[in-house]
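Topology and contacts: notes
Each chain, letter by letter, is given below.
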Amino acid sequence: MKKNILLLCIIVAGFLITSSCMNNQQEKFSGNQKSNKTLMQIKREIFGTVNDTVPIYLYTLINENDMVVKLTNYGGIVTSILVPDNKHNFDDIVLGFDSLNNYLTGHPYFGAIVGRYANRIANGKFTLEGKEYTLAANNGKNHLHGGIKGFDKVVWDSKDYVDKDSVSVSLFYLSQDGEEGYPGNLSVKVIYTLTNDNELKIKYEAHTDQPTPVNLTHHSYFNLAGAGSGDILDHILMIDADMYTPVDETLIPTGELKKVKNTEMDFTTPHNIGSRIKEVEGGYDHNYVLNNGGKMAKVAELYEPHTGRVMEVFTTEPGMQFYSGNFLDGSITGKNRKIYQKHYGLCLETQHFPDSPNKPGFPSVILYPENTYGYTTIYKFSTR
Ligand code: GLA
């Protein structure tokens, strides 16, 4: 008996020494220390490699409320967001995978930074200063989410840092002139920040050396009851938008701005998503024209009644795509071997309007060399 206990102790001690050595080799910790309690910290570990050589990092950001955000510099993908429910149980509330390999083999933009142009450009064509540009038609005849290798599939340079009340990871990417058919060298910076107010802030910035369309967004699939636990049809959603941009059968806006009042598109007051979704052909996949007037304001609120979790969205952008996970079909197995069925997650993608390069009536998306592209979106978590 004593011998067995001794043997067990030796095995446990051996395991602890080995794992701490591994941590020293692969991980880097930084954090703010107040008395004995670690307030905020960032951990960086190796997530895997691309092309067997380029190391990809997984960052774990933790705030003083124990909220956790995990993200990788491959595609700027947020892989996990752990937030408490109203009984202080934590769950991961975004769809995604456990391993880098799953992200490399293709998925519908889980958690990614989307660019150079989020959403669709009709027929993959636009004319700028008299010249016609042709982009990949990767969504039927249309161009979607930056093309075949958009910003969701590139390796970003990354840097992490800790501030007084937040922890951040900055991502940098230089999109070369002609990449995916777009003009101009575009240097892009995206900063993910987790604050002690349980906010995930995303700050976008870009510069170009030639006029080019730019429209960046973030594509997390949220399920406030927990990723893989069921569909989002009983979530309650509010979107502060009196109008939306109706689309044709290929999801290209017609150019019209239509009032939501007295229709199934109206979320100006909180509504159960499932209550009217059958009246929307294919489910919700529409750009809302936000009432924020270009100023930082709360534009949406999502509430999950069983867990009491709340997510508020703040932005300066004029539009937001509400996508109810219509193309999820059970063919993807995500984290913890959970299968993602139709409507298992929803996206609230702050953006300029789809197909703006071909719609002179929509706010312009053209970035000029003398200007800086930039905006911030905040996803803020709480319970009720
Ligand atoms: C966006 C689009 C959808 C779909 C998803 C990804 O939300 O609007 O139509 O392409 O991305 O599957």
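All values derive from a computational prediction rather than experimental measurement.

**Considerations on the overall build of the protein**
Across its full length, the protein holds two helices and 30 strands. By the compact-globule yardstick of 21 Å for 384 residues, the protein fits well, its C-alpha radius of gyration being 22 Å. Overall, the protein is about 80 × 45 × 40 Å in size when its C-alpha atoms are taken along their principal axes. Taking all 384 residues of the protein together, the buried fraction comes to 53%. Between the averaged position of the 36 positive side-chain charges in the protein and that of its 43 negative side-chain charges there is a distance of 6 Å.

**Considerations on unusual backbone geometry**
Omega for the bond connecting Gly115 with Arg116 falls within 30 degrees of zero, at 0 degrees, which places this linkage in the cis form. Along the chain, Arg116 turns up in the loop between strand E7 (113-114) and strand E8 (120-121). Despite not being glycine, Asp52 shows a phi value in the positive range, around 65 degrees. Structurally, Asp52 can be placed in the loop between strand E2 (37-50) and strand E3 (54-62). Accessibility expressed as a relative area gives 72% for Asp52, which makes it exposed. The phi dihedral of Arg337 is positive, around 55 degrees, even though this residue is not glycine. Structurally, Arg337 can be placed in the loop between strand E26 (332-333) and strand E27 (339-340).

**Let's talk about the site of the ligand**
The immediate surroundings of the ligand are formed by 14 residues, with Arg120, His145, His219, Asp285 and Glu349 found nearest. Within the side chain of His145, an N or O atom sits 2.8 Å from an oxygen atom of the ligand. Interatomic distance of 2.8 Å between a side-chain N/O atom of His219 and an oxygen atom of the ligand. For the shell around the ligand, the class distribution of residues is seven nonpolar, four polar and three charged.

**Some thoughts on the sheet that holds strand E22 (residues 285-290)**
Pairing is antiparallel in the open sheet, where five strands are placed in the order E20-E19-E22-E25-E28. In the strand order of this sheet, the two ends are held by strand E20 (258-259) and strand E28 (347-351), each with one partner.

**As for the side chain of Arg276**
Here Arg276 shows up in the loop between strand E21 (271-272) and E22. In this structure Arg276 is buried but unpaired, with Asp266 as the nearest side chain of opposite charge at 5.7 Å. If near-sequence neighbours (up to four positions away) are discounted, Arg276 is found in contact with Thr263, Glu264, Asp266, Phe267, His271 and Tyr284.

**Things to note about the pattern of salt bridges**
In total, this model carries nine salt bridges according to the counting rule given. Residue Asp165 pairs with Lys164 through a salt bridge whose shortest N-O separation is 3.6 Å. Classification of Asp165 as partly exposed rests on a relative accessible area of 41%. A salt bridge links Glu301 to Arg384; the shortest N-O distance between them is 2.6 Å.

**Examining the nonpolar core**
By size, the foremost hydrophobic cluster in this structure holds 62 residues, and its most contacted members are Ile81, Ile273, Tyr288, Phe322 and Phe381. Examining the composition of this core, we find that five residues originate from one element, strand E14 (residues 186-195), more than from any other. Not counting residues within four places of it along the chain, the set of residues in contact with Ile273 comprises Ile232, Leu233, His235, Leu237, Phe267, Tyr284, Leu302, Phe322 and Leu346. Core analysis: the next-biggest nonpolar cluster, separate from the first, contains 20 residues, Ile56, Leu58, Ile77 and Phe110 among them.

**Comments concerning the pairing of strand E13 (residues 166-175)**
Within E13, eight of the 10 residues are buried, which leaves the element mostly enclosed by the surrounding structure. Where strand E12 (residues 157-162) lies against E13, six bridges are found, and the strand directions are antiparallel. By the bridge assignment for E13, Asp157 is matched with Phe172. Between E12 and E13, which pair antiparallel one after the other, the connecting turn spans three residues. Looking at chain direction, E13 and E14 are connected through 10 bridges and run antiparallel. Each bridged residue has a counterpart across the sheet, and for Leu171 the counterpart in E14 is Val190.

So, how was this worked out
- Residues numbered from 1 in each chain as written.
- Predicted model: local features only at pLDDT ≥ 70, side-chain atom pairs only at ≥ 80, totals over all residues.
- Heavy atoms only, no water.
- Helix = DSSP H or I, 4+ residues; strand = E, 2+ residues; numbered from the N terminus.
- Rg over C-alpha atoms; globule rule 2.2 N^0.38 Å.
- Buried < 20%, exposed > 50% of the residue type's maximum accessible area, 1.4 Å probe, protein only.
- Lys, Arg positive; Asp, Glu negative; His and termini not counted.
- Charge placed at Lys NZ, Arg CZ, Asp CG, Glu CD.
- Near = heavy atom within 4 Å.
- Polar contact = N/O pair within 3.5 Å; in protein donor to acceptor, adjacent residues only side chain to side chain.
- Nonpolar A, V, L, I, M, F, W, Y, C, P; charged D, E, K, R; others polar.
- Pairing = 2+ DSSP bridges.
- Salt bridge = Lys/Arg side-chain N within 4 Å of Asp/Glu carboxyl O.
- Contact = heavy atoms within 4.5 Å.
- Core = buried A, V, L, I, M, F, W, Y, C linked by side-chain atoms within 4.5 Å.

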